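One letter stands for each residue in the lines below.
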Amino acid sequence: MNILVLGSGGREHTFAYKLAQSPQCDRLFVAPGNAGTAQIATNVEIAVTDFEAIKSLVLKEGIEMVVVGPEDPLVQGIYDYFKADQQLENVAVIGPSKEGAELEGSKERAKEFMMAHGIPTAAYQSFTASTLAEGQSFLETLQPPYVLKADGLAAGKGVLIIDNLEEAKEELAKMLEGKFGDASATVVIEEFLDGIELSVFVLTDGNGYKVLPTAKDYKRIGEGDVGLNTGGMGAISPVPFADDAFMKKIEEQVVKPTVEGLSKENIIYKGFVFIGLIKVGDEPKVIEYNVRMGDPETEVVLPRIKSDLVQLFKAVDAGTIDQEILDVDPRSATTVMLVSGGYPEAYEKGKVITGIDTIEDSLVLHAGTKEKDGKVVTNGGRVMAVTSFDDDFRKAIKKSYQNIAKLGFDRMYYRKDIGFDL
Ligand code: AMP
Ligand code: GLY
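Conventions used here
- Residues numbered from 1 in each chain as written.
- Chains lettered and ligands numbered in written order.
- Predicted model: local features only at pLDDT ≥ 70, side-chain atom pairs only at ≥ 80, totals over all residues.
- Heavy atoms only, no water.
- Helix = DSSP H or I, 4+ residues; strand = E, 2+ residues; numbered from the N terminus.
- Near = heavy atom within 4 Å.
- Polar contact = N/O pair within 3.5 Å; in protein donor to acceptor, adjacent residues only side chain to side chain.
- Areas by Shrake-Rupley, 256 points an atom, 1.4 Å probe, with all protein chains shown as cover.
- Nonpolar A, V, L, I, M, F, W, Y, C, P; charged D, E, K, R; others polar.
- Pairing = 2+ DSSP bridges.
- Axes fitted to C-alpha atoms, helices over the stretch in contact; angles between N-to-C directions.
- Contact = heavy atoms within 4.5 Å.
- Buried < 20%, exposed > 50% of the residue type's maximum accessible area, 1.4 Å probe, protein only.
- Phe/Tyr/Trp six-rings, centres within 6.5 Å; stacked < 30°, edge-to-face > 60°.

Q: Before we move on, could you go through the environment of Ile267 and cite the residues and values that matter?
A: Topologically, Ile267 is positioned in the loop between α10 (244–264) and β16 (269–280). On a C-alpha basis, the gap between Ile267 and Val254 in space is 17 Å, while along the polypeptide they are 13 residues apart.

The structure is reproduced here in structure tokens:
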């Protein structure tokens, strides 16, 4: 099969790395890709939301499967675009339909879906500019901290957690006035859940599913989980506190009703469901759905999957995922993200990265990198993830740190405490 991966992060390098290992993968393309994907696939300089250009590439190269990394093309309807086109309808697209992608594209839609299918989540109400006063009264009935969520996609910045009631009321007004543009025209206010977070990943064909390994990511820039939110500074899989009994609860109370809900509502969904959960006491509660894999969670989840990824994706497309066997490496995987100094605020690009060739027992998964004059240089905030395995996550993380010591670029930064809370 000729396969195209859409995206350019560590997630997409990891997809390319796994797909390239399959005997069923013939030619592999990544658009737009990075310096890491360039070593194992053909990079094509096309934006992930340029559907016309993607169509031309697919037809020109005889591509039979498109694996969609980020949410934007999914929320914009790339699945439907392919299925509505006679020349493209037989191409397998790994990702949900536009309707399915609304589970990430609209927090209000996600909450309605959870309520309709009895999936445990925080109590909530949603408001628009015309119901601002009701929203402010609703805040008065809640205990702090207050959780305000922009309904639409806001580049991971649309969730505010505020301790003070007056400040929460002001923020609600600002959001409804357009603080996040159209994304906050509707705001979901929900009950604060106190507990520890984890993520569960499900690969579904819309009827059957496989529960993939769990992961926990570290979103804040600073050690001890302080400072600004980032796209993710590191991750660990599996999550030590997600034991068999808790996973069984998650499967029964969350995964099954989610997949059954999609099926009951006739929503076409052939891709990943990333379920963000908080463990409150002993109970799982859903805080969000994403309709794609996480980054950097992918960098620890996929390397643990020993089954042929092309085979799994073919089964997703054919609607036969239930017949596949998911073979998972029992060892722990950890990843640490190296970022450009200044990230997640302003940072410089174009710094030469040294030492990549010296890494032996860890995987170097590129994110914001590109090749320039025969050298690999930085090209983004999150630069590369260093993934390691061992029978215990503490040993694995030590390996990642030992290997990071051999890597360098001007103003390189990383968190030295990934896994500190486990
Ligand atoms: P989301 O984009 O919905 O995942 O929210 C971003 C972050 O806000 C999550 O990773 C949680 O840490 C936090 N969060 C979201 N909803 C809640 C909630 N109801 N209670 C406590 N924390 C929350
Ligand atoms: N690491 C969180 C995300 O991919 O949304």
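Q: Can you tell me about the site of ligand 2, naming the residues and giving the values?
A: Taken together, Asp217, Gly231, Phe274, Arg292, Gly294, Asp295, Pro296 and Glu297 make up the full set of residues near ligand 2. At 2.9 Å, a side-chain N or O of Arg292 approaches an oxygen atom of ligand 2. Measuring from a nitrogen atom of ligand 2, one finds a side-chain N or O atom of Glu297 at 2.9 Å. Coverage of ligand 2 by the protein amounts to 86% of the 200 Å² it exposes when considered alone. Classifying every residue of the shell around ligand 2 gives 2 nonpolar, 2 polar and 4 charged.

Q: A description of the sheet that holds strand β8 (residues 159–162) should follow, citing residues and the corresponding values.
A: Taken in spatial order, the 4 strands make up an open sheet running β6-β9-β7-β8, and their pairing is antiparallel. Two strands close off the open sheet at either side, each with one partner strand: β6 (124–128) and β8. Pairs of neighbouring strands in the sheet enclose a mean axial angle of 25°, with direction left out of account. Two strands pair when backbone bridges link them, and β6 and strand β9 (residues 186–190) are joined in this way by 5 bridges, in the antiparallel orientation. Note on β9: the bridge partner recorded for Ser126 is Val188. On the sheet, helix α9 (residues 165–176) packs against β6, β7 (146–150), β8 and β9 and is oriented at approximately 5° with respect to β7.

Q: Just give me the short version of the pairing of β9, but keep the residues and values in it.
A: β9 sits mainly inside the fold: 5 of its 5 residues count as buried. Burial of the side chains of β9 extends over both faces: Thr186, Val188 and Glu190 are buried on one face and Val187 and Ile189 on the other. Across 4 bridges, the pairing between β7 and β9 is antiparallel. Its bridge partner lying in β9, Lys149 is registered against Val188.

Q: Explain the packing of aromatic side chains residue by residue, including any values.
A: Evaluated as defined, the whole model comprises 11 aromatic pairs. Note on Phe15 and Phe313: the rings are 6.3 Å apart at their centroids and 50° apart in plane angle, and the pair reads as tilted. Taken together, the residues span a long stretch of sequence, with Phe15 in helix α1 (residues 10–20) and Phe313 in helix α12 (residues 309–318) at a distance of 298 residues. Considering the side-chain rings of Phe127 and Phe138, the 5.7 Å spacing of their centres and the 40° angle between planes classify their relative orientation as tilted. Here Phe127, found in strand β6, pairs with Phe138, found in helix α8 (residues 132–141); they are 11 residues apart in sequence, far enough to count as distant. Note on Phe138: relative accessible area 15%, which makes it buried.

Q: Got a sec to walk through the side chain of Arg11? Specific residues and values, please.
A: Inspection of the secondary structure assignment puts Arg11 in helix α1. Within the structure, Arg11 has its side chain in polar contact with the backbone oxygen of Met293 (distance 2.8 Å). Every residue in contact with Arg11, bar those within four places of it in the chain, is listed here: Gly69, Pro70, Arg292, Met293, Gly294, Asp295, Thr298 and Glu299.

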